[in-house]
Amino acid sequence: MKIINGGVCAAKGIKANGVHCGIRKNRTKRDLALIFSEVPATASAVYTTNLVKGAPLLVTKKHLENGFAQAVICNSGNANTCNANGIQIAEQMSELVAKQLGIKADDVVVASTGVIGQPLDIEPIANGMKELADGLSCDNGLNAAEAIMTTDLAVKEIAVEFTVGGKVCRMGGIAKGSGMIHPNMATMLVFITSDVSISKEMLDKALKSDIQQTFNMISIDGDTSTNDMVVVLSNGLAGNKTITCEGKDFDEFMKALNTVNVNLCRKIAGDGEGATKLLECSVCGANSLKTAKTVAKSVICSSLTKAAMFGADANWGRVLCSIGYSGADVDVNKIDVSFVSNKGEIEVCKNGSGVEFSEEKAKEILLEKEITIAVNLNDGEFSSKAWGCDLTYDYVKINGDYRT
């Protein structure tokens, strides 16, 4: 397993592009992305748990009922959510792609991201479709990654190379996500492509299993989005024997998927709206996986803990507090807490009580861009991780006038 270049276009037979078509007023911002597989691909997706769902999700879910897709179209700047004609617009987006690429409209995944409740005009999308399709290339994955961004400050892409059944395989992905990010799938847009041959059933199993340890373990602000999803297309062009059951080949696919997903999780968390730091809560010594996950999520979701990390304040009591109200089955008298970064590690709590530590050293550790909050429950062998970011003044500034 090795990290490679190429992003979402690393896999064989995958091309992509992104353009500015006019949905967003700023002409320097790309606002329409397209990903295309030269052959139909096995497809799987997971969707937001929010009862309010964007029209593109409803259309995509219908299109993926047969387990296949060949293209992904995504616009930014407008969520196409809570619109009376939302389904019609999403279907029209599919039809425009199908006509331009000579594929079936039912084989198109549709996604939108941006402001909720604003009408989405199909005209700029229609006008930009030829330029978008004509620019499809295995070298234009970055254009697509930029076109799905909203308040994101950094492009999020990753690709890996690995072996399945003696065949060299590749998997790559792009993501967007900066605000309205909270656990319970899905909480952002993620598009993953692979050239592995795998059955629909095993692809579903791989994705739905992995998100429990990855995308469901990140939180920026506690708000679960209406539009977001994770989609995987795997077109089989690597030439491996089709994965139809668990075993060594499936394990290798799972490792690749987890590597891609963890990388994108960290990039999403680190690019939270207004964020200055990536936070990771690493929990060990839990009596069950459920306990480990519950504790990690509670710590990473704590606004007071996030604010303390912004101020480089080693206020470990906020960590204990968030564990205490998490509902997890823990013995608070056994809990150890340390803060860790590139500047070192400092223990701040032992057996549920404070210990003497250097405030100066703690501040030096917490001023780094990536911080781990290490929690040992000392009650078992299970562990889990969750990712988030600090809570800053800029988060309120960004969201105070997001629409206007």
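Residues numbered from 1 in each chain as written. Predicted model: local features only at pLDDT ≥ 70, side-chain atom pairs only at ≥ 80, totals over all residues. Heavy atoms only, no water.

### Considerations on helix α3 (residues 122-134)
Taking 1.5 Å per residue as the helical rise, α3 with its 13 residues ought to reach 18 Å, and the 19 Å between its terminal C-alpha atoms agrees with that figure. The principal kink in α3, of about 40°, is found at Gly 128. By the burial criterion, the buried members of α3 are Ile 122, Pro 124, Ile 125, Gly 128, Met 129, Leu 132 and Ala 133. Elements that come into contact with the buried residues of α3 comprise β2 (14-19), β3 (32-47), β4 (68-78) and α2 (86-101). Two or three places before Glu 123, at the opening of α3, Asp 121 has a side-chain oxygen 3.0 Å from that residue's backbone nitrogen. (Helix = DSSP H or I, 4+ residues; strand = E, 2+ residues; numbered from the N terminus. Expected span 1.5 Å × (residues − 1). Bend = angle between axes of the 7 residues up to and from the residue. Buried < 20%, exposed > 50% of the residue type's maximum accessible area, 1.4 Å probe, protein only. Contact = heavy atoms within 4.5 Å. Polar contact = N/O pair within 3.5 Å; in protein donor to acceptor, adjacent residues only side chain to side chain.)

### Digging into the side chain of Asn 78
Looking at the element boundaries, Asn 78 is found in strand β4. Taking the relative accessible area as the measure of exposure, Asn 78 reaches 6% and is therefore buried. Of the polar contacts made by the side chain of Asn 78, one reaches the backbone oxygen of Gln 118; its length is 3.0 Å. Among the polar contacts listed, one links the side chain of Asn 78 to the backbone oxygen of Pro 119, at a separation of 3.0 Å. With sequence-adjacent residues up to four places away left out, Asn 78 is seen in contact with Ile 23, Asn 83, Ser 112, Thr 113, Gly 114, Val 115, Gln 118, Pro 119 and Leu 120.

### Description of unusual backbone geometry
Unusually for a residue other than glycine, Asn 80 sits at a positive phi of about 45°. Positionally, Asn 80 belongs in the loop between β4 and α2. Not every positive phi belongs to a glycine, and Asn 351 is a case in point at roughly 55°. Positionally, Asn 351 belongs in the loop between β12 (344-350) and β13 (353-354). With a relative accessible area of 42%, Asn 351 lands in the partly exposed category.

### Considerations on α2
Counted at 1.5 Å a residue, the expected span for α2 with its 16 residues is 22 Å, and the 23 Å between its end C-alpha atoms agrees. For α2, every residue scored as buried is listed here: Gly 86, Ile 89, Ala 90, Glu 91, Met 93, Ser 94, Val 97, Ala 98 and Leu 101. Residues of α2 that are buried sit in contact with β3, α1 (55-63), β4, β5 (108-115) and α3. One or two steps after α2, the chain reaches Gly 102, where phi turns positive at roughly 70°.

### Things to note about the packing of α1 against α2
At a minimum axis separation of 8 Å, α1 and α2 run at an interaxial angle of 55°. Comparing the axis directions of α1 and α2 gives the class oblique. Crossing of α1 against α2: the hand is right-handed. Side by side, α1 and α2 meet where Ala 55, Pro 56, Leu 58, Val 59, Lys 62 and His 63 of the first sit next to Gly 86, Ile 87, Ala 90, Glu 91 and Ser 94 of the second. Its residues assigned to classes, the contact of α1 with α2 shows six nonpolar, three polar and two charged. (Axes fitted to C-alpha atoms, helices over the stretch in contact; angles between N-to-C directions. Parallel < 35°, antiparallel > 145°, perpendicular 65-115°, else oblique. Left-handed = near helix turned anticlockwise from the far one by under 90°. Nonpolar A, V, L, I, M, F, W, Y, C, P; charged D, E, K, R; others polar.)

### Side note on the packing of aromatic side chains
This structure, assessed with the given rule, holds one aromatic pair. Seen from their ring centres, Phe 310 and Tyr 393 are 5.2 Å apart, and the 90° between their planes marks the pair as edge-to-face. Placement of Phe 310 in helix α8 (residues 303-310) and of Tyr 393 in helix α11 (residues 393-400) is noted, with a sequence separation of 83 residues between them. The exposure class of Phe 310 is partly exposed, given its relative accessible area of 28%. (Phe/Tyr/Trp six-rings, centres within 6.5 Å; stacked < 30°, edge-to-face > 60°.)

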